[in-house]
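# Fold and geometry: a report
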Amino acid sequence: MPKATSHRNIRPERESAIRQALPKARTGISGFDDVTAGGLPRGRPTLVAGGPGCGKTLFALEFLMKGAVEFGEPGVFVTFEETPQDLELNVRSLGYDLAGLVRNKRIAIEYIRVERSEIEETGEYDLEALFIRLDDALRSVKGKRIVLDTVESLFGGLSDSGILRAELRRLFGWLRERNITAVITGEKGDKTLTRQGLEEYVSDCVITLDHRVIDQISTRRLRVVKYRGSSHGTNEYPFLIDRDGIAVLPVTSLQLQHKASAGHVSTGLPWLDRMFDNRGYLQGSSVLISGSAGTGKTSIAGHFLDAACRSGLRGLCFTFEESPAQYIRNMRSIGVNLSRWIKKDLLRIHAARPTLYGLEVHLATMHRDVDQFKPAVVVVDPLSSFGGSTAGEIQGTLIRLVDYLKTRQITAVFTHLIPGTGAAAGADKDIQVGVSSLMDTWILLRNTPGRGGDRQLLIIKSRGMRHAIDEQRFRITSGGLATDEAPGALR
């Protein structure tokens, strides 16, 4: 028996052969085409199943609209529940002009009302009339794609499983004969993927969407249950629905294949640059700045953002304790003016409470912001805000974020609060050790008792370059972080 393979282990030449054997239709949904190694099976039906409010209709609409706009493949949306006016209104908030696509004959909306009572009373069911309407709608726009939303509305009146299975096969066969790439949505059953429990067996690709709430925090997840003739990611993938539609976080596509740059990025502090062999952080590296409250973690990160923007690089800051206005005000008190970079579109500050979403949704949000803004440097301040999660959850999330940033050669600075005086204890020690092991550079900050507000900075490690081995005293002033001492020896 041949060994099973996963998407991450497929060689490029074999993946190319698979794509040639099974043509695929790109969905344009962020991250989803990575999970499925190219999209949905072209000319075949795909079932998208899930409970109410999980995003089935939006997934289908985005597949259809991006096909029409980005890939030159017009399509037909067949709805059995919502009117065309309702659909247009529902997607308008996401920035989609469905009405414009209909006017330009890129998309046709076919509203078909099925009276279940008529089927129950007569006991007859014939899809011929449906096929005529679908064929006419596809011809009107020269359609290559079609969506049927939802299949329960079409077959809900049938109680005979034999007739139901026959009619489902007939419908799916009709779509295959016309080489139409189809998405059929279905409601989740009690013990089966769908209410009828049959659709998943006659579909070439089955995708489940789930919207779960754990500890009062909601998370959406997507899973490719089966995909005939193609490899695919088999994990559950968190996905996000926001003003730009759906974004899927393709976990298994992250691998240790990122490049190692020999360039450097300034820390924003001349004396700290000298501690890193007078060059600053390695480009594309991950830097952890940890310390107790008031040691200057956020201030060092602010200097780093300011220096990057002064060099013409774009910076993105994720803050989980302060609003953007508060963050800018606090940086201004130490002589760092970040507002000018925001006006020049060189800096963006994304602020959110850690409890607003689960860790994976925060991660998906970061991915989307990075993809859209394309920064050269990123600051996450602070990681310790996610203290309600376990050490394993935080480390797992951070691994994926660090890998993602490294593949894009983005230099990232993470801050982490150590409770008390600076000696980590208990669960927080586990989190700090787990986080620090992922980092290329680790900077530890301490308050210095009896020295008039002086702090101490120690570079614990910096992979791939020489750095100072002695502690460096510094002060936080209205003009920034300053020191009167020369950096010590390097190693």
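Quick notes on the rules
Residues numbered from 1 in each chain as written. Predicted model: local features only at pLDDT ≥ 70, side-chain atom pairs only at ≥ 80, totals over all residues. Heavy atoms only, no water. Helix = DSSP H or I, 4+ residues; strand = E, 2+ residues; numbered from the N terminus. Buried < 20%, exposed > 50% of the residue type's maximum accessible area, 1.4 Å probe, protein only. Contact = heavy atoms within 4.5 Å. Areas by Shrake-Rupley, 256 points an atom, 1.4 Å probe, with all protein chains shown as cover. Salt bridge = Lys/Arg side-chain N within 4 Å of Asp/Glu carboxyl O. Core = buried A, V, L, I, M, F, W, Y, C linked by side-chain atoms within 4.5 Å. Phe/Tyr/Trp six-rings, centres within 6.5 Å; stacked < 30°, edge-to-face > 60°. Lys NZ or Arg CZ within 6 Å of the ring centre and 35° of its normal. Polar contact = N/O pair within 3.5 Å; in protein donor to acceptor, adjacent residues only side chain to side chain. 1 Å grid on protein atoms, 1.4 Å probe; cavity = no way out; pocket = protein on both sides within 12 Å on 5 of 7 lines; lining within 4 Å. Points joined across faces, edges and corners; volume = space filled by probe spheres on them. Nonpolar A, V, L, I, M, F, W, Y, C, P; charged D, E, K, R; others polar. pLDDT = per-residue confidence, 0-100. Expected span 1.5 Å × (residues − 1). Pairing = 2+ DSSP bridges.

### Section: the overall build of the chain
Assigned secondary structure in the chain consists of 17 helices and 22 strands. Counting every position in the chain, which comprises 491 residues, the buried fraction comes to 55%. Long-range contacts, defined as pairs at least 24 residues apart, comprise 70% of the intrachain contacts of the chain with a sequence gap of at least 6. Counting only carbon and sulfur atoms, one obtains 48% of the accessible surface of the chain, whose full area is about 22200 Å².

### Side note on unusual backbone geometry
Of the consecutive residues Asp149 and Thr150, the connecting peptide bond is found in the cis state with omega at 0°. Mapped onto the elements, Thr150 comes out in the loop between strand 6 (145-149) and helix 8 (151-155). A cis amide bond links Asp381 with the next residue in sequence, Pro382, at an omega value of -10°. Mapped onto the secondary structure, Pro382 falls in the loop between strand 17 (377-381) and helix 16 (391-407). We note that Lys142 has phi near 55°; this positive angle belongs to a residue other than glycine. On the secondary structure map, Lys142 appears in the loop between helix 7 (128-141) and strand 6.

### Considerations on the pattern of salt bridges
As enumerated under the stated definition, the model contains 23 salt bridges in all. In this structure, Lys66 and Glu62 form a salt bridge, with 3.1 Å as the shortest nitrogen-oxygen distance. Remark: Glu62 and Lys66 occur in helix 3 (residues 56-70); sequence separation between them is four residues, near one turn of the helix. The closest approach of N and O atoms between Glu471 and Arg446, which form a salt bridge, is 2.5 Å. Of this pair, Glu471 sits in the loop between strand 20 (455-462) and strand 21 (472-477) while Arg446 sits in strand 19 (residues 441-447), and the two are 25 residues apart along the sequence. Several salt bridges converge on common partners, so that one network encompasses Arg44, Arg176, Asp204 and Arg228.

### Re the nonpolar core
Taken as a class, soluble globular proteins show a tendency for nonpolar side chains to be buried jointly. Leu272, Tyr281, Ile300 and Leu457 are the most contacted members of the largest nonpolar core, which totals 38 residues. For this core, the element with the highest residue contribution is helix 12 (residues 297-310), accounting for six residues. Judged by nonpolar contacts, the second largest core, of 36 residues, contains Leu40, Tyr96, Leu209 and Tyr237.

### Structural notes on the packing of aromatic side chains
Tallied over the entire structure, the rule returns five aromatic pairs. Ring geometry for Phe276 against Tyr281: centres 5.4 Å apart, planes inclined by 70°, an arrangement best described as edge-to-face. For the pair shown, Phe276 and Tyr281 are each scored as buried. Ring-pair connections join several aromatic residues into one group, and the members of that group are Phe276, Tyr281 and Phe304. Above the face of the Tyr227 ring, Lys24 is positioned so that its terminal group lies 4.7 Å from the ring centre.

### Some thoughts on the side chain of Thr181
With respect to the helices, strands and loops of the structure, Thr181 is situated in strand 7 (residues 181-187). A distance of 2.9 Å separates a polar atom in the side chain of Thr181 from the backbone nitrogen of Gly43. The contact partners of Thr181, leaving out residues within four places of it in the chain, are Ala25, Pro41, Arg42, Gly43, Arg44, Phe63, Lys144, Arg145 and Ile146.

### Looking at empty space enclosed by the protein
In total, this model carries two cavities of 30 Å³ or more according to the counting rule given. Approximately 120 Å³ is the volume found for the largest cavity. Lining the largest cavity, in full, are Leu359, His362, Leu363, Met366, Val380, Leu383, Phe386, Ile394, Thr397, Leu398 and Leu401. Classifying every residue of the lining of the largest cavity gives nine nonpolar, two polar and no charged. Considering only enclosed or pocket space, the second largest cavity measures out at about 30 Å³ in volume. In terms of lining, the second largest cavity is formed by Phe318, Phe320, His350, His362, Thr365 and Met366. Broken down by element, the residue count for the lining of the second largest cavity peaks at three residues, all from helix 15 (residues 359-373). Looking at the lining of the second largest cavity, its residues break down into three nonpolar, three polar and no charged.

### Here we look at the confidence of the model for the chain
When the pLDDT values of the chain are averaged, the result is 82; 80% of them are 70 or greater. Throughout residues 118-123 the model reports pLDDT below 50, and contacts reaching past four residues in sequence, or to other chains, amount to six contacts. Within the model, the stretch residues 421-428 combines pLDDT values under 50 with ten contacts to residues more than four positions away or in other chains.

### Here we look at helix 12
Taking 1.5 Å per residue, 14 residues should reach 20 Å; helix 12 reaches 20 Å between its end C-alpha atoms and fits that length. Counted residue by residue, helix 12 has twelve buried out of 14 residues, so it is predominantly covered. When we look at burial in helix 12, the residues that qualify are Lys297, Ser299, Ile300, Ala301, Gly302, His303, Phe304, Leu305, Asp306, Ala307, Ala308 and Cys309.

### A few points about the side chain of Glu62
For Glu62, a relative accessible area of 0% gives the class buried. Of the polar contacts made by the side chain of Glu62, one reaches the backbone nitrogen of Ile246; its length is 3.0 Å. Ignoring anything within four residues of it in the chain, the contact list for Glu62 reads Thr27, Ile29, Gly67, Tyr96, Asp244, Gly245 and Ile246.

### Concerning the pairing of strand 20
Where burial is concerned, most of strand 20 is hidden: seven out of the eight residues are buried. The pairing of strand 19 with strand 20 spans seven bridges and is classified as antiparallel. Bridge pairing in strand 20 places Arg446 opposite Gln456. Pairing geometry for strand 20 and strand 21, over three bridges, is antiparallel. Looking at strand 21, one finds that Leu457 is bridged to Gln472.

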